[in-house]
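# A structural walkthrough
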Amino acid sequence: MQKQFMQRAIELAREGMDAGAGGPFGSVVVKDGEIIAEGYNGVTSNNDPTAHAEVMAIRAACQKLGTFQLDDCEIYTSCEPCPMCLGAIYWARPKAVYYACTREDAAAIDFDDQLIYDEIDAGIDNRQIPFKQIQRAEALTVFKAWQDKTDKIEY
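Residues numbered from 1 in each chain as written. Predicted model: local features only at pLDDT ≥ 70, side-chain atom pairs only at ≥ 80, totals over all residues. Heavy atoms only, no water.

### Some words on the nonpolar core
The condition is simple: What we call a nonpolar core is a set of buried Ala, Val, Leu, Ile, Met, Phe, Trp, Tyr and Cys residues that are connected through their side-chain atoms within 4.5 Å. With a 1.4 Å probe rolled over the protein chains alone, any residue whose accessible area is under 20% of its type maximum counts as buried; one over 50% counts as exposed, and the rest are partly exposed. Here a strand is any run of E in DSSP of at least two residues, a helix any run of H or I of at least four, and the numbering for each starts at the N terminus. Residues count as neighbours in contact if any of their non-hydrogen atoms are within 4.5 Å of one another.
Of all hydrophobic cores here, the largest spans 12 residues; its members are V29, I36, A37, A57, I58, A61, C62, L70, C73, I75, I89 and A92. For this core, the secondary-structure elements that each account for two or more residues are strand 2 (34-40), helix 3 (53-65), strand 3 (73-79) and helix 4 (83-92). For this core, the element with the highest residue contribution is helix 3, accounting for four residues. With near-sequence residues (within four places) excluded, I36 lies in contact with V29, K31, A61, K64, L65 and C73. Residues F5, M6, V28 and Y76 belong to the second largest nonpolar core, which totals seven residues.

This is the structure we're talking about:
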């Protein structure tokens, strides 16, 4: 079954690419041996830099399941997830991720995420895009309110 799920992710990568939706990336979310959501890269067609295949599939799966976590799900993706998708995957908490191409394969066709990996390691004061902290005290009041909230949904 794993090969079938990965094959569908690869087909979605080609489908999205051929449709001019975005880069050559596809992903599916599987639960209980069944594909419950699909996605392909739609960055350029949606004018949305977050519309990566994995994110699109995660969004669709969460909508279908009515939850913000993908417990007991697997994600199949045509390429090793980029840093943004890796973060989304960890927030979604699937039980496993399967990928086909590597990030080195993606870099070879000009989808190179090394800058982002380097920026994470650089530390906030040494990044290429300036990050400036302002109004921390005001924002902390909201954090305190969250901490004290008795009817919150934990995640």
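### Comments concerning the sheet that holds strand 2
Operational definition: Strand pairing follows a simple DSSP-based rule, namely that at least 2 bridges must link the two strands. Under this scheme, a helix contributes an axis fitted over its contacting stretch, all axes are lines through C-alpha atoms, and angles between N-to-C directions fall in the 0 to 180 degree range.
Read from one edge of the open sheet, four strands run 2-1-3-4, paired in mixed fashion. Each having just a single partner strand, strand 2 and strand 4 (96-101) make up the two edges of the open sheet. The average angle at which neighbouring strand axes cross in this sheet is 15°, direction not considered. Pairing geometry for strand 1 (residues 26-31) and strand 2, over six bridges, is antiparallel. If you follow V30 over to strand 2, its bridge partner there is I35. Against the sheet, helix 3 makes contact with strand 1, strand 2 and strand 3, and its axis sits at roughly 140° relative to strand 2, the strand it touches most.

### Regarding the side chain of S27
The following threshold applies: Whenever a nitrogen or oxygen atom comes within 3.5 Å of another N or O atom, the pair is scored as a polar contact, on the condition that within protein one atom can donate a hydrogen and the other can accept it, and that pairs from neighbouring residues in sequence are kept only if both atoms are in side chains.
Within the fold, S27 resides in strand 1. By relative accessible area, which is 0% here, S27 ends up buried. There is a polar contact of 3.0 Å between the side chain of S27 and the backbone oxygen of Y76. In contact with S27, other than residues within four places in its own chain, are A9, L12, A37, E38, G39, A53, E54, A57, I75, Y76 and T77.

### Overview of the pattern of salt bridges
This is how the line gets drawn: Salt bridges are counted wherever a side-chain nitrogen of Lys or Arg sits within 4 Å of a carboxyl oxygen of Asp or Glu.
Taken as a whole, this structure holds seven salt bridges when the rule is applied. R59 is paired through a salt bridge with D48; the nearest N and O atoms lie 3.9 Å apart. In this pair, R59 is assigned in helix 3 and D48 in the loop between helix 2 (43-46) and helix 3, connecting sequence segments 11 residues apart. R59 sits in the partly exposed class, given a relative accessible area of 40%. On the basis of relative accessibility, which here comes to 21%, the residue D48 falls in the partly exposed class. Residue D148 pairs with K144 through a salt bridge whose shortest N-O separation is 3.0 Å. Here D148 and its partner K144 are both found in helix 7 (residues 136-148), four residues apart, which amounts to about one turn of the helix.

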